[in-house]
Amino acid sequence: MLIRILKDYDAVSAYAADIITEVVKGNPSCVLGLATGSTPIGTYRKLIEEYRAGEVDFAQVRTYNLDEYYPMAPDHVQSYRHFMEEHLFRHINIVSENTHVPDGTAENPAAMCRDYDAAIRGAGGLDLQLLGIGRNGHIGFNEPGASLFASTHLTPLTENTIEANARFFSSPKEVPTHAVTMGMASILGARKILLLISGKDKHEALLRLYDDTVDPQCPATFLKLHPDVTVLADEEAYHG
Ligand code: GLP
């Protein structure tokens, strides 16, 4: 695991966008695992700038998002599908059919999760998985106590995450109680992982990446088992 501390959020975003652009240039039909949350927004903004400058082409890129609330309609303003459309997809030349977000309306979530993993495998696997991190070290919606061996699955959200995500809803009661998330095994199956950490709220979570322990109570520590992880953190997250 390579941890780089960069000056600020902008520097993290620019660096992350460069890494993603390199992957796309190296393989124009690559498979990207994408993430939501406030942290990757700056990275997506940089990717849009690079696209507009003619530096990167998404025409053949395929994407699979990490997670989605459940139940959640794709056109709901707080859905992760909506987030991706607003913050990235509608601004670049990606083909809509090549973008995938777990279906928050699936009647049979277990079957949908199996299909989602099968689709990723069928696409050749994830070339790069972009990640943010929860204050409690969650990855996607793999909350403390998560299994290392889980593939995509339906999971209840912890109080901590509901409270953290309540800022996007009119009240904590409106935050969905569940989500569909890629599991740690799906994430660790990516060939390359890029984890972004910004802000002092994430200080404790970042510190857990420096020691040599793997602790299911802090799912981000599972990433230490992967051979190609780059962590980009800003000074606020580092100093707390
Ligand atoms: C959510 C998402 C995670 C994300 C986390 C942190 O719970 N499921 O994928 O990493 O929030 O979000 P933020 O970047 O807004 O702090």
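Check the entry above for the structure.
Rules and cut-offs
- Residues numbered from 1 in each chain as written.
- Predicted model: local features only at pLDDT ≥ 70, side-chain atom pairs only at ≥ 80, totals over all residues.
- Heavy atoms only, no water.
- Pairing = 2+ DSSP bridges.
- Helix = DSSP H or I, 4+ residues; strand = E, 2+ residues; numbered from the N terminus.
- Axes fitted to C-alpha atoms, helices over the stretch in contact; angles between N-to-C directions.
- Polar contact = N/O pair within 3.5 Å; in protein donor to acceptor, adjacent residues only side chain to side chain.
- Contact = heavy atoms within 4.5 Å.
- Near = heavy atom within 4 Å.
- Areas by Shrake-Rupley, 256 points an atom, 1.4 Å probe, with all protein chains shown as cover.
- Nonpolar A, V, L, I, M, F, W, Y, C, P; charged D, E, K, R; others polar.
- Expected span 1.5 Å × (residues − 1).
- Buried < 20%, exposed > 50% of the residue type's maximum accessible area, 1.4 Å probe, protein only.
- Core = buried A, V, L, I, M, F, W, Y, C linked by side-chain atoms within 4.5 Å.
- Right-handed = clockwise from strand over helix to strand, strands pointing away.

Participant: I keep staring at the sheet that holds strand 8 (residues 178–181) and nothing clicks. Help me out?
Facilitator: Strand pairing within a sheet occurs via backbone hydrogen bonds; the two strands may be parallel or antiparallel. Within the open sheet, the 3 strands sit side by side as 4-8-7. Their pairing is antiparallel. Edge positions in the sheet fall to strand 4 (67–70) and strand 7 (153–156), since each has one partner strand and no second. Each strand axis lies, on average, 30 degrees off the axis of its neighbour in the sheet, ignoring direction. Note that strand 7 and strand 8 share 4 bridges and pair antiparallel. Among the inter-strand pairings, Leu154 is bridged to a residue of strand 8, identified as Val180.

Participant: Help me out: how do you make sense of the side chain of Lys224 in this one?
Facilitator: On the secondary structure map, Lys224 appears in the loop between helix 7 (203–207) and strand 10 (229–234). Looking at Lys224, its side chain comes within polar contact range of the main-chain oxygen of Thr213, at 2.6 Å. With near-sequence residues (within four places) excluded, Lys224 lies in contact with Met1, Arg208, Leu209, Asp211, Asp212, Thr213 and Val214.

Participant: Looking at this structure, I do not really get the site of the ligand. What am I missing?
Facilitator: Among the 14 residues in the neighbourhood of the ligand, the closest are listed as Ser38, Thr39, Asp67, His138 and Lys202. Between an oxygen atom of the ligand and a side-chain N or O atom of Thr39, the distance comes to 2.5 Å. One of the backbone nitrogen or oxygen atoms of Gly140 is found 3.1 Å away from a nitrogen atom of the ligand. When the ligand is considered free in solution it has 390 Å² of accessible area, and contact with the protein chains removes 94% of it. Looking at the shell around the ligand, its residues break down into 4 nonpolar, 7 polar and 3 charged.

Participant: Can you walk me through helix 1 (residues 9–26) in this structure?
Facilitator: Residues separated by three or four positions in an α-helix point in the same direction, a consequence of the helix having 3.6 residues per turn. Its 18 residues place the ends of helix 1 26 Å apart at the C-alpha level, agreeing with the 26 Å of an ideal helix rising 1.5 Å per residue. Those residues of helix 1 lying buried are Val12, Ser13, Ala16, Ala17, Ile19, Ile20, Thr21, Val23 and Val24. If you follow the buried residues of helix 1, they end up packed against strand 1 (2–6), strand 2 (31–34), helix 2 (41–52), strand 6 (128–131), strand 9 (193–197) and strand 10.

Participant: Before we go on, may I ask you to explain the nonpolar core in this structure?
Facilitator: If you look at soluble globular proteins, the nonpolar side chains tend to sit buried side by side. Counting residues in hydrophobic clusters, the biggest one holds 30 residues, and the most contacted among them are Ile139, Ile187, Leu195, Ile197 and Leu223. Elements supplying a minimum of two residues to this core: helix 4 (109–122), helix 6 (184–188), strand 9, helix 7 and strand 10. If near-sequence neighbours (up to four positions away) are discounted, Ile139 is found in contact with Leu131, Gly132, Ile133, Thr181, Met184, Ile187, Leu195, Pro219, Ala220 and Leu223. Membership of the second largest hydrophobic core comes to 29 residues, among which are Leu32, Ile41, Ile48 and Met84.

Participant: Is there a simple way to explain the pairing of strand 3 (residues 62–65) in this structure?
Facilitator: Here strand 2 pairs with strand 3 via 4 bridges, running parallel. From the neighbouring strand, Val31 faces strand 3, where its bridge partner is Arg62. Traced from strand 2 through helix 2 to strand 3, the parallel crossover comes out right-handed. One ladder, built from 2 bridges, connects strand 3 with strand 5 (residues 99–100); its direction is parallel. Opposite Tyr64, over in strand 5, you have His100 as the bridge partner.

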